[in-house]
Amino acid sequence: MDQDSLPYYQIPDTPEVYHAGTVIARMIDGLGFRYYWATEGLRTEDLAFKPNEDARTTDYTLDHIHGLCRVVLNTAKKVPHEASSANSNLSFAKKRQQTLLMLKEASDIFRSSDPDTIEDFEIIFKRGKSESVVPLWNLINGPIADAIWHVGQIVSFRRSSGNPMDSRVSVFQGKLRKP
């Protein structure tokens, strides 16, 4: 899949109905749109950038966002989430592609979910043989909000490394403004 066919160049149309699943899907779509544009056109020097010696690089932050998005997708798929460092071996392009596709798949699942069964979604963390279950509410204030927070860091880091995000991006409208 090439970059031009990745989801979230523009935020999808609003759902026709409001219910818990469509609201969560829209939050994920907002994250996907922000991530798409925060990462569009990142250069090697942007990926290596960190604001100071004690900070983490942009690439490390992208690994973290990728992991958070795996939690979101696993929750949507109702499968346990097991921590993995596999994403750290991915190229930037592959990591970006996977992250955007995970968000799109999770959004589609929540959007089409039955409003009467939203309580069936839970975050399940698996560590070895033990599992812990956390209510779906925590997906909003946890992985989704955390990923949005870190996307903001990417925007700040790339500005600091001399490659600001496209100024035509309107996160309010969910699309590029016309020049």
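S.K.: Looking at this model, I keep getting lost on the overall build of the protein. Mind explaining?
M.R.: Scanning the protein for helices and strands turns up five helices and five strands. In sequence order, the secondary structure elements of the protein are arranged as α-α-α-β-α-β-β-α-β-β. Relative to the 2.2 N^0.38 estimate, which gives 16 Å for 179 residues, the radius of gyration of the protein is 16 Å and therefore close to what a compact globule would have. When the backbone C-alpha atoms are referred to their principal axes, the protein occupies close to 50 × 45 × 30 Å. A burial count over the protein gives 41% of its 179 residues as buried. Looking at the protein alone, contacts between residues at least 24 apart form 73% of all its contacts between residues at least 6 apart. Carbon and sulfur atoms make up 52% of the accessible area of the protein, which amounts to about 9900 Å² in all. Each charge sign in the protein was given a centre, from 22 positive and 23 negative side chains, and these centres are 4 Å apart.

S.K.: Looking at this model, I keep getting lost on the packing of aromatic side chains. Mind explaining?
M.R.: Pairs of aromatic rings are described using the distance from one ring centre to the other and the angle between the two planes. A complete count under the given rule lists five aromatic pairs for this structure. Between Phe-110 and Phe-121, the aromatic rings sit 4.8 Å apart at their centres with planes inclined by 45°, giving tilted as the arrangement. Placement of Phe-110 in helix 4 (residues 92-111) and of Phe-121 in the loop between helix 4 and strand 2 (122-127) is noted, with a sequence separation of 11 residues between them. Of the two residues, Phe-110 and Phe-121, neither departs from the other in class, the shared state being buried. Feature note: the residues Tyr-9, Tyr-36 and Trp-37 constitute an aromatic cluster, connected by ring pairs. In this arrangement the basic side chain of Lys-78 is found over the ring face of Phe-121, its NZ or CZ atom lying 4.6 Å from the centre. Against the face of Tyr-36 rests Arg-96, its NZ or CZ located 4.5 Å from the ring centre.

S.K.: Is there a simple way to explain helix 3 (residues 58-77) in this structure?
M.R.: Since there are 3.6 residues in each turn of an α-helix, residues three or four apart along the chain are aligned in direction. The end-to-end C-alpha distance of helix 3 is 28 Å, a good match for the 28 Å that 20 residues give at a rise of 1.5 Å each. Helix 3 sits mainly inside the fold: 15 of its 20 residues count as buried. The first or second residue beyond helix 3 is Lys-78, which carries a positive phi of 60°.

Calculation criteria
Residues numbered from 1 in each chain as written. Predicted model: local features only at pLDDT ≥ 70, side-chain atom pairs only at ≥ 80, totals over all residues. Heavy atoms only, no water. Helix = DSSP H or I, 4+ residues; strand = E, 2+ residues; numbered from the N terminus. Rg over C-alpha atoms; globule rule 2.2 N^0.38 Å. Buried < 20%, exposed > 50% of the residue type's maximum accessible area, 1.4 Å probe, protein only. Contact = heavy atoms within 4.5 Å. Areas by Shrake-Rupley, 256 points an atom, 1.4 Å probe, with all protein chains shown as cover. Lys, Arg positive; Asp, Glu negative; His and termini not counted. Charge placed at Lys NZ, Arg CZ, Asp CG, Glu CD. Phe/Tyr/Trp six-rings, centres within 6.5 Å; stacked < 30°, edge-to-face > 60°. Lys NZ or Arg CZ within 6 Å of the ring centre and 35° of its normal. Expected span 1.5 Å × (residues − 1).

Shape is all these values report; function is a separate question.
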